[in-house]
Structure formats: structure tokens, C-alpha cells
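Listed here are the chains, written in short residue letters.
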Amino acid sequence: MLFNSIEFLLFFALLGALYFAVPDRFRWKLLLFGSYVFYVSWEPAYAILLAFLTVFNYYLAIRLGKSTSPGRKRGILTLSIVSNAGLLFLFKYLGFFCGSLGALFTRYHLPLSIPVVSIALPVGISFYTLKIMNYTIDVYRGKKEPEKKVGLFALFVAFFPQLIAGPIDRSTKLLPQFHEPHGFDYRRVTDGLKLILWGFFQKMVIADTLAVMVDQVYGKPGQYGAATLALATLFFTFQIYCDFSGYSDIAIGIAQVFGYTSMNNFERPYFSRSIPEFWRRWHISLSTWFRDYLYIPLGGNRISVPRWYVNLMIVFLVSGLWHGANWTFIVWGAVHGCFYISSVLTQGIRDRVVSLTGLSRFPVLHKGIKMILTFILVAFAWIFFKSNTISDAFFIVSRLFTEWGSSSGLGETRTLSSFISARFFEFCVGVAGIIAMEAVHLLQTRGSVREMLRAKPVWLRWGVYYGLIVAVLLLGNFGLKQFIYFQF
């Protein structure tokens, strides 16, 4: 069941009604049942794997909590990490590595044939694997007592709003909430519904509309000139944000309706003024996971400068690989790693340039320039993320840097103006949606938009709510387009 489907809306409405109708002691059990029903709707076999990992790691954590031997605790933790990471590798990366090794041997004419193994990827495995590992590591570190009720731990792992694509909430924050009573609260429930509505607007009106144009261009990049490729890249920059931010808002809103608080996953990332700041604002639950459970254990920045740079690059390469078994994602991670390290290395030079040019006397202009440059770098990196192959990505980059003002032998039907004319409705809806979203982001710099609306007259508040509903119904793409991050 996709969030943006009628089936899910009916499921959510029925589960919500039952949740508040039954006594509090039954609510977590109902949520657990509903979460597995939700997951089974994708593929029943996936639920067996999810249940196995849940029970296996539950008992490992119990053993961790009881053990007093440091060596034994390290052994249990190692078993948990190797088991979870091993299953993730088996389902997600085995085919990729076999194919890559086979291509390498073929390239150098080595007499070794490696069969490519293809296994269906369980939906959401990348996300719930990180949740499980976070829990086990926190128990090992003494930050979290092992959960005694296997059912509550199962709910933590399978909590349906977060199951498919996060946010990757920490066990120290989410698990304790399952022990608390959650009655019906009108303000909390309606605030959650408002966030869900905003998520639908981002996904169905903006992201899915932009996707029509982006997929057309990136599907056959050789047929388009530099201007059209640049526009498609710009649109994908907003598409992936609205797609994933929209999903996150829906997930957070659903959890809020049931009484649970999830961590914020985005904080206006395209307002960032540097690459390091961008990564503090983008996919926060994942970037902080890698910070706490990979970057810091590697030594963080408490080591020599060259080793620090190596640690940064390792984190970005792993982050790229986590997103998908394709060289495009690895290169995307490497590009961001280079951007991040370059930002650190050039800080002094950039400060001197600002001082010499007098930009420091114009803080608004200075911030604007940094924001635009950061946005351009992020948009450039998205080329590798979106492209179907590495060769497509480098082709697009080459054309963007070398063929401006040249038709490149393309017919008139491939020009930017003809492309926009052919997709004029989608172009207008997409641009208008982006403008509306950025207006909301500007308002968010002053505080919570929901709180601002609450202080406004009834006619204005409900005018905004009905306006969003009408926009979704009239302008939304109802083709049930899957969320981008579901594939990871």
C-alpha cells in the first residue's frame, strides 16, 4: 500500500478509528498488527524476514543486557552487526558486486566467469536494518536498556509510518513512547492531519508532476540539448526533495495522529550556505545515524587531519552505496565527499576573499551568494544520483559544460522551448508548486506555520486547508507513482 493510494487512506482511517476506540493497553498491539498487515500488503514473504530479524535481535539484545564480560558483549554485538549487514548485503548488494567483478574480469580478459545473482529486494530493508543496528549498539553502549517485551520491540522495528522509508528514529527516543498512554487529543490529531496534507501536496502536486518531465529527459539524455538537461536537473533537485520530504511529512504526521513524536528529517536544506550545512539539514535521521554509528567510531575529527579526510570520504562513500547498488550512487557519494572536504580546505581562502571584496559589509548579499553556490553544487551532484548509468551521467555533465548555444545536431523538436510547449501544463504546475513551497519555507524561518495559521481567522485557516485539498485533487498526479526512497 502506497501512502498516496486509496487503499492506504482506508487502512489508515480504519486503523485510526479502532486505535482510539479500544482501551489503551491494547493500542500498541493493534498498531503492531496493523504494521504487519501494512507490510504484508507489499509481499507476505518480506514479513517473515522482518519477524525473523526482530526476534533474533531481540534475544541478542537481552543477552547483551545480561552479560558482564566485555569480550562476550563485543562478540554478541559483532554477531548482530554481521548478521544484519550480511542479510542486507545478500539482498541488496550481492548481484551488484558479482556483476561488477564479472565486468572487471571481462575487461582484463581474465578467464573467470562470475554468475550474477539476482534476489528480490525486500521493501524497506535498508531502513529497518539501520533501526535494529542502532538499537543493538545503544544497548551495547549502555544508552538503552534491553526492551523486555518482544512485542514492543517488534513494534519499534515495524512501526508502519516509518517502516518503508524512515525517518530512522532512535530506540532511545521512540521505544519509550510505546510505554506511554496515548489518548485522543484533538489538537495533536489535527496537527498530524495538516502535516499529512502538506506531504501529499509536496508528493503528488510537485514531485510527481516534475517527475513526468525529468523522467522523459533523463530516460533518453542523448536526445536533448544542454538547456533542457539543465532544466531537467533543476527540476529533479526539487522533485527528490518534495518526494522524500513529502513522504517524511506524511510519516511524521501519521505517527503524530497516533500520539508518537518522530524526528524531523528535513530542515529547508536548499537554504544551506555550505555543503556541511546541507548535510545537517538533508535526511537528518540518516546523516546523524552515519555520524553517530560510523563517523565517530572511525575517530571523527579527533585524529590527524589526513585521517579525518579519509573518514569523511568513507562515510560519504558508504552513504552513497546505502542508497543503491549502482555506481551512480557511489559516485554521487564521492562527489559530495569531495565537496565537503573542499569546503573545509578552502574555508580560509574564502574568508580572505570575502574580506578583500568587502562582501562582509553586505551580509544579505553574502548569504545569498553562498546559498546559490551551494544549491548549484548540490544540483550538480544529483545528476549522478538520477542518471540510469555512469555513462549517462558523464554524458549529461559533458553536454552541460560544452554544448551551450549549440544545437548539437538535434532537431527543432528537441529544443528547450518545444520541450516546455509539449509539457506546458506540467511545467506551469511544477513551477507554481515550487514557488508555493519556497514561500512556506520562508515563513518557516519565522516559526511553525501551523502555529501561525492557528492564530489566523477561521476563514483564512480553512481557506488554506481547502486550497491544499483542492490543489491535490485537481492538480495531483494520481498515477500512484512510487516514492523514490522506496527503492532503497
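Residues numbered from 1 in each chain as written. Predicted model: local features only at pLDDT ≥ 70, side-chain atom pairs only at ≥ 80, totals over all residues. Heavy atoms only, no water.

## Some points on the overall build of the protein chain
Inference 1: Along the backbone of the protein chain there are 21 helices and zero strands.
Inference 2: The C-alpha radius of gyration computed for the protein chain amounts to 24 Å, which stays within 12% of the reference 23 Å derived for 488 residues, consistent with globular compactness.
Inference 3: C-alpha atoms of the protein chain, sized along the principal axes, occupy 70 × 65 × 50 Å.
Inference 4: Sorting the 488 residues of the protein chain into buried and exposed places 52% on the buried side.
Inference 5: Relative to all contacts within the protein chain whose residues are 6 or more apart in sequence, the contacts with residues 24 or more apart total 75%.
Inference 6: For the protein chain, the accessible surface area stands at approximately 22,600 Å², while carbon and sulfur atoms represent 68% of it.
Inference 7: Charged side chains of the protein chain number 45 positive and 24 negative; the gap between the two group centres comes to 7 Å. (Helix = DSSP H or I, 4+ residues; strand = E, 2+ residues; numbered from the N terminus. Rg over C-alpha atoms; globule rule 2.2 N^0.38 Å. Buried < 20%, exposed > 50% of the residue type's maximum accessible area, 1.4 Å probe, protein only. Contact = heavy atoms within 4.5 Å. Areas by Shrake-Rupley, 256 points an atom, 1.4 Å probe, with all protein chains shown as cover. Lys, Arg positive; Asp, Glu negative; His and termini not counted. Charge placed at Lys NZ, Arg CZ, Asp CG, Glu CD.)

## Looking at the nonpolar core
A general tendency of soluble globular proteins is for nonpolar side chains to be buried together.
Inference 1: Y128, Y270, W282 and Y485 are the most contacted members of the largest nonpolar core, which totals 138 residues.
Inference 2: Per-element accounting of this core gives the leading share, 18 residues, to helix α10 (residues 226-258).
Inference 3: Apart from the residues within four sequence positions on either side, Y270 is in contact with T237, F238, I240, Y241, F278, W282, M371, F375, V378 and W382. (Core = buried A, V, L, I, M, F, W, Y, C linked by side-chain atoms within 4.5 Å.)

## Focus: the pattern of salt bridges
Inference 1: Going through the model one piece at a time under the given rule, you end up with 14 salt bridges.
Inference 2: When the shortest N-O distance is used, the salt bridge between D24 and R27 registers 3.3 Å. Taken together, the residues span about one helical turn, with D24 and R27 both in helix α2 (residues 24-40) at a distance of three residues.
Inference 3: Here E267 ties to R268 by a salt bridge, and the two come within 3.1 Å at their closest N and O atoms. (Salt bridge = Lys/Arg side-chain N within 4 Å of Asp/Glu carboxyl O.)

## Points about the layout of surface pockets
Inference 1: Estimates place the volume of the largest pocket at around 1,000 Å³.
Inference 2: L195, W198, V440, Q444 and V449 are, among the 39 residues lining the largest pocket, the residues nearest its centre.
Inference 3: Mapped by element, the contributors of at least two residues to the lining of the largest pocket are α9 (186-219), α10, α19 (424-444), α20 (449-454) and α21 (458-475).
Inference 4: The greatest single-element share of the lining of the largest pocket, amounting to seven residues, is contributed by α9.
Inference 5: Across the lining of the largest pocket, the residue classes tally to 19 nonpolar, 13 polar and seven charged.
Inference 6: As for the second largest pocket, its lining consists of 23 residues, of which L193, K194, I196, L197 and I469 are closest to the centre.
Inference 7: Elements with a contribution of two residues or more to the lining of the second largest pocket: α1 (6-21), α9 and α21. (1 Å grid on protein atoms, 1.4 Å probe; cavity = no way out; pocket = protein on both sides within 12 Å on 5 of 7 lines; lining within 4 Å. Points joined across faces, edges and corners; volume = space filled by probe spheres on them. Nonpolar A, V, L, I, M, F, W, Y, C, P; charged D, E, K, R; others polar.)

## Notes on the environment of Y58
Inference 1: Tracing the chain through its elements places Y58 in helix α3 (residues 44-66).
Inference 2: In the structure, Y58 is positioned 15 residues away from E43 in sequence and 23 Å away in space, judged by C-alpha atoms.
Inference 3: Among all residues touching Y58, those that are not within four sequence positions of it are E147, K148, K149, V150 and F153.

## Things to note about the side chain of T233
Inference 1: Note that T233 resides in helix α10.
Inference 2: You can call T233 buried: its relative accessible area is 6%.

## Quick look at the confidence of the model for the protein chain
Close inspection of predicted coordinates is inappropriate in any region flagged by low pLDDT.
Inference 1: Considering every residue of the protein chain, the mean pLDDT works out to 90; 95% of them sit at 70 or more.
Inference 2: Of the regions scoring below 50 in pLDDT, residues 407-413 engages in nine contacts with residues more than four places distant in sequence or in other chains. (pLDDT = per-residue confidence, 0-100.)

## Quick word on the packing of aromatic side chains
Any two aromatic rings considered together are summarised by their centre-to-centre distance and by the angle between their planes.
Inference 1: Summed over all chains, the structure comprises 66 aromatic pairs.
Inference 2: Each ring, one from F159 and one from F160, has its centre 6.3 Å from the other, and the planes form 65°; the classification is edge-to-face.
Inference 3: The interplanar angle of 20° and the centroid separation of 5.6 Å between the aromatic rings of F278 and W282 together place this pair among those described as stacked. For the pair shown, F278 and W282 are each scored as buried.
Inference 4: The residue whose ring lies beneath R27 is Y19, and the NZ or CZ to ring-centre distance is 5.6 Å. (Phe/Tyr/Trp six-rings, centres within 6.5 Å; stacked < 30°, edge-to-face > 60°. Lys NZ or Arg CZ within 6 Å of the ring centre and 35° of its normal.)

## Regarding the side chain of R27
Inference 1: Residue R27 is classed as buried on the basis of its relative accessible area of 10%.
Inference 2: There is a polar contact of 2.8 Å between the side chain of R27 and the backbone oxygen of Y19.
Inference 3: At 3.4 Å, the side chain of R27 forms a polar contact with the backbone oxygen of F20.
Inference 4: If near-sequence neighbours (up to four positions away) are discounted, R27 is found in contact with Y19, F20, V22, H182 and G183. (Polar contact = N/O pair within 3.5 Å; in protein donor to acceptor, adjacent residues only side chain to side chain.)

## With respect to the packing of helix α5 (residues 125-141) against helix α6 (residues 150-158)
Inference 1: Axis separation between α5 and α6 bottoms out at 9 Å; the angle between their running directions is 135°. Taken as axis vectors, α5 and α6 run oblique relative to one another. Across from Y128, K131, I132, N134 and Y135 in α5, the residues of α6 making contact are F153, F156 and V157.
Inference 2: In terms of residue class, the contact of α5 with α6 is built from six nonpolar, one polar and one charged. (Axes fitted to C-alpha atoms, helices over the stretch in contact; angles between N-to-C directions. Parallel < 35°, antiparallel > 145°, perpendicular 65-115°, else oblique.)

## A short note on the environment of I396
Inference 1: Take I396: it is sitting in helix α17 (residues 390-402).
Inference 2: We classify I396 as buried; its relative accessible area is 0%.
Inference 3: Discounting chain neighbours no more than four positions away, the residues touching I396 are Y218, P221, L229, I383 and S387.

## Things to note about helix α16 (residues 363-386)
Inference 1: Taking 1.5 Å of rise per residue, 24 residues should cover 34 Å, and α16 covers 34 Å from first to last C-alpha, within 8% of that figure.
Inference 2: Residues of α16 that are buried include every one of H366, T374, F375, V378, A379, A381, W382, I383, F384, F385 and K386, and no others. (Expected span 1.5 Å × (residues − 1).)

## A short note on a nonpolar patch on the surface
Inference 1: On the surface, F425, V458, W462, Y466, I469, V470, L473, L474, L475 and F478 cluster together into a nonpolar patch covering about 1,000 Å² of accessible area.
Inference 2: Per element, the largest residue contribution to the nonpolar patch is eight residues, and it comes from α21. (Patch = residues over 30% accessible without salt bridge, like charges linked within 9 Å, V, L, I, M, F, W, Y side chains within 5 Å.)

## Some details on the state of the cysteines
Inference 1: Scanning the entire structure with this criterion turns up zero disulfides.
Inference 2: The thiol of C428 is unpaired, and the distance to the nearest cysteine sulfur, on C242, comes to 17 Å.
Inference 3: Classification of C428 as partly exposed rests on a relative accessible area of 34%. (Disulfide = S-S within 2.5 Å.)

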